[in-house]
Amino acid sequence: MERIGVVLGRREATPLEFWVGVEGEGLLRLDDLVVVEAFHPKVGQVRYFGMVDHVAKVHEGEAYDTDTFLAVEGRIPVSLAYVAHVSVTRILPEEFLPPDPGSPVRLAQGEELELALYYEAMRNQRGSTKLPAGLLKNGEVAYLNLEFLNGVKGGHVNISGISGVAAKTSYATFLLKSLLESGVLEDAHQAKVLLFNVKGEDLFFLDKPNARLTEEARRAYERLGLPATPFQSVAFLAPPKKDGYVPDLETRLEGVRAYHWDLVQFCQRGLLPFLFADRGFMTNLGFLVQHLTEKLRRLAEGQKGPQLLVEDWPGEDLPAEVSFESLGKVRLKSFADLVRYLEYKLLGPEAGEGEGDRAWTARQAKGTLEAFLRRLRSSVENVAHLVRGDRPGNPPDPLKGEQVHVVDLAKLSPQAQMFVVGSLLKDLFERKERGQYRGRVFIVLDELNKYAPREEESPIKDVLLDIAERGRSLGVILIGAQQTASEVERRVVGNAAIRVVGRLDAAEAERPEYRYLPASFRQRALILPQGAVILHQPEIPVPLLVRFPFPAWATKREEVREDNSAEALRRELLG
């Protein structure tokens, strides 16, 4: 193996770091992996594996900055020093003595590269657990240990990066591709994915091939052992438009289903708290909200919906269609009706003295009841098209049907987004707790700082904390993303075994949340190009800079490669 330099003696060499002097035409760059062999009479041969995290060149022999001009003209003698700093990733055998100055340094390749990055240890009794996670600078495949992602030794992924530079969503979908189709995850066919679309309609073409996919990107997929194809089993769900029941999307309509909850599902599943996202409100009115949630749950017991039957709402017209079960009852046909019914139960008849039903008011003061109703009335405009009584509910069910469920949130108001995310995560987590689905479930949620903020509390944050702290033991894995990890609840970020960093802004990179990265990596995070991320996992003591290939699936309508084959036409005609 070609020698590229030696361990420097002028600078201190320790078991954890040393400097290398590059000689001749040798080339040593950031992220290169090197190996050094040393010998001690009492321990024998010791190999040091490490990664280059700093490189520099300097003229030796210059006393002043302007001496460089003289050196260029050949008027003073200087020599060029090309040096690199190496952080040790592994010592074999584990004898922590420093390498000898002058020891030859060479690039780690093949088996030695695997030893440097602990790849040979990524296996269990069933076989390899090396999950393709991208490509290193030298073109070799970078791996994650699957056992830190599937819940065996750890779970959850946290991705940070500014928007628009292909870091968060692009890497999350690439990681899903690797999980589902690399063959490393044994029960991949049972795995389900709940993927929230939070901006634009970028994720609504995951099942379409990308017309911009280049041959270079195809070769990258081949090296990674992944098919350069779109996702095969995807369900697309979008909220209905407010003035109808057509999915509220612009670029794609075929194959998209509208989702909503009916009034009985809303009550039976206890979804009322997810209309109130801020803890300030819940601190003052939390008891009342929980009390009413339970009252609504009991009211809806045994009902089939979609309309909610009530029997004590005088002054309303009798229903047009009367069944045996509905005799003597009134149908609530919309979310606005439900709000009016709660207003009646809490404050009494509109024309009366303002005395509510004591079984519903929970002995709360009138001011408290009115404050709750003001917030509830304001939610009608935001969620009335999501909670309806005019047709049976059709909420997303990521545990049934297709393997990947894309749920659109982009056009919803912030309150409606909170409601949808909270309702789905609560339902999914409770079903996993009850053992209703044995396969693993991966949840991809961007904008974690909105749903699990560091300084505020909310029912949704409680659900996310539950997933972060107990989810991996139940097979629920959160792949969360945000622009600024410093604004996300510490316990949510801290429970992520795998951390990924894309391009950061300068202020964010200096926050304590990124101290696990060496200073050189924090600096590089400011200039990372598209398609590159910094990867940190528990088994490898240094982060890795990896590149991942351009998506094989379309990320917008313009990228869809049209299929004009006879088979595609037949599928189109048959629906």
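The rules behind the values
Residues numbered from 1 in each chain as written. Predicted model: local features only at pLDDT ≥ 70, side-chain atom pairs only at ≥ 80, totals over all residues. Heavy atoms only, no water. Helix = DSSP H or I, 4+ residues; strand = E, 2+ residues; numbered from the N terminus. Expected span 1.5 Å × (residues − 1). Buried < 20%, exposed > 50% of the residue type's maximum accessible area, 1.4 Å probe, protein only. Pairing = 2+ DSSP bridges. Contact = heavy atoms within 4.5 Å. Salt bridge = Lys/Arg side-chain N within 4 Å of Asp/Glu carboxyl O.

1. Some remarks on helix α7 (residues 335-347)
At 3.6 residues per turn, the α-helix brings residues three or four places apart onto the same side.
Here comes step 1: End to end, α7 covers 18 Å across 13 residues, agreeing with the expected 18 Å (1.5 Å per residue, within 8%).
Here comes step 2: The buried count for α7 comes to 10 of 13 residues, which makes it a mostly enclosed element.
Here comes step 3: Among the residues of α7, those classed as buried are Phe-335, Asp-337, Leu-338, Val-339, Tyr-341, Leu-342, Tyr-344, Lys-345, Leu-346 and Leu-347.
Here comes step 4: Taken from the residues just after α7, Gly-348 is the one with a positive phi, measuring 90°.

2. Quick look at the pairing of strand β13 (residues 234-238)
Here comes step 1: Here β13 lies mainly inside the structure; five of its five residues are buried.
Here comes step 2: Because side chains alternate across β13, one face comprises the buried residues Val-234, Phe-236 and Ala-238, and the other comprises Ala-235 and Leu-237, equally buried.
Here comes step 3: Two strands pair when backbone bridges link them, and β13 and strand β19 (residues 404-408) are joined in this way by four bridges, in the parallel orientation. For Phe-236, the partnering residue across the bridge sits in β19 and is Val-406.
Here comes step 4: Inspection of the sheet shows β13 paired to strand β14 (residues 256-258) by three bridges, in the parallel sense. Across the sheet, the residue bridging to Phe-236 is Val-256, located in β14.

3. Side note on the environment of Thr-368
Here comes step 1: Considering the arrangement of structural elements, one finds Thr-368 in helix α9 (residues 366-378).
Here comes step 2: Here the alpha-carbon distance between Thr-368 and Leu-285, two residues 83 residues apart in the chain, equals 7.2 Å.
Here comes step 3: Thr-368 has contacts with Leu-285 and Leu-288, leaving out every residue within four places of it along the chain.

4. So, the pattern of salt bridges
Here comes step 1: Per the counting criterion, the structure on display carries 37 salt bridges.
Here comes step 2: A salt bridge links Glu-23 to Arg-3; the nearest nitrogen and oxygen atoms lie 2.7 Å apart. With Glu-23 in the loop between β2 (17-22) and β3 (33-40) and Arg-3 in strand β1 (residues 3-7), this residue pair connects regions lying 20 residues apart in the sequence.
Here comes step 3: The class for Arg-3 is partly exposed, based on a relative accessible area of 43%.
Here comes step 4: Residues Asp-248 and Lys-411 are paired through a salt bridge, measuring 3.7 Å at the closest nitrogen-oxygen approach. With Asp-248 in the loop between β13 and β14 and Lys-411 in the loop between β19 and α11 (414-433), this pair connects stretches of sequence that are 163 residues apart.
Here comes step 5: Several salt bridges share partner residues, and in doing so they unite Glu-37, Arg-47, Arg-106 and Glu-112 into one network.

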